[in-house]
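One letter stands for each residue in the lines below.
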Amino acid sequence: MSLRKLFLVIVMMGLVVLGYFSYFVYNVMLVSNTAFSSSQAYLYIRTNSKYEQVREDLIPMLKNIETFDILARQKKYIYNVKAGRYVIEKGMTNNDIINTIRSKNTPITISFNNQHSIEQLASRVSSQIEADSLS
């Protein structure tokens, strides 16, 4: 076997490995990964939540949680979980979802009409936000 043939075999093997790696990255980052039928879903992350809790909340929303885990580790989201309410839209990729839950917190609308006492008001507000009625 000549040196030229050996070089061509090595180059071909490199291209196959590069092709597989590119396909893997494409599947992890750029393929839609939502599994719900509505146009959007809401993800609520409580204060002091860990990545494992966020992951459990995402399992019913995602087609493939393993690819999400790979990208979350790569983007270091597992160490930077932030509390809030986030909108996950149908057709989002893992990259879009991580970028959303990292920085696009959605405000919560609170309604408290027709409350006759401060206790009723506190109870009504506490049922809509993360605070308890005493605080």
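Residues numbered from 1 in each chain as written. Predicted model: local features only at pLDDT ≥ 70, side-chain atom pairs only at ≥ 80, totals over all residues. Heavy atoms only, no water.

Thoughts on the environment of Leu43
Cut-off, in case you're wondering: Runs of E in the DSSP output that reach at least two residues are strands. Runs of H or I that reach at least four are helices, and both are numbered from the N terminus. Only heavy atoms matter for contacts: two residues are in contact if any of them lie within 4.5 Å across the pair.
With respect to the helices and strands, the residue Leu43 is situated in strand E1 (residues 40-45). Distance from Leu43 to Ile88, taken between C-alpha atoms, is 7.1 Å for residues 45 residues apart in sequence. Setting aside residues no more than four positions away along its own chain, Leu43 makes contact with Val54, Asp57, Leu58, Met61, Gly84, Arg85, Tyr86, Ile88 and Ile101.

Some details on the nonpolar core
As a reminder of what qualifies: For this analysis, a nonpolar core means a set of buried residues of the types Ala, Val, Leu, Ile, Met, Phe, Trp, Tyr and Cys, connected via side-chain atoms within 4.5 Å. Relative accessibility decides the category of a residue: with a 1.4 Å probe and only protein chains considered, values under 20% of the type maximum give buried, values over 50% give exposed, and everything between is partly exposed.
Formed by 21 residues in total, the largest nonpolar core has its most connected members in Leu43, Leu58, Met61, Phe68, Tyr77, Ile88 and Ile101. Listing elements by their share of this core, those giving two or more residues are E1, helix H2 (51-58), helix H3 (65-74), strand E2 (84-89) and helix H4 (94-103). In this structure, Leu58 is in contact with Leu43, Ile65 and Phe68, ignoring residues within four places of it in sequence.

Focus: the packing of aromatic side chains
Put simply, the rule is: A pair of Phe, Tyr and Trp rings is counted when the ring centres sit within 6.5 Å of each other, with Trp represented by its six-membered ring. The angle between the planes then sorts it: under 30 degrees is stacked, over 60 is edge-to-face, the rest tilted.
Inspection of every chain in the model, using the stated rule, returns 1 aromatic pair. Relative to Tyr77, the ring of Tyr51 has its centre 6.2 Å away and its plane inclined at 75°; by these criteria the two rings are edge-to-face. Note that Tyr51 is positioned in helix H2 and Tyr77 in the loop between H3 and E2, a separation of 26 residues in sequence. In this pair, the class of Tyr51 matches that of Tyr77, namely buried.

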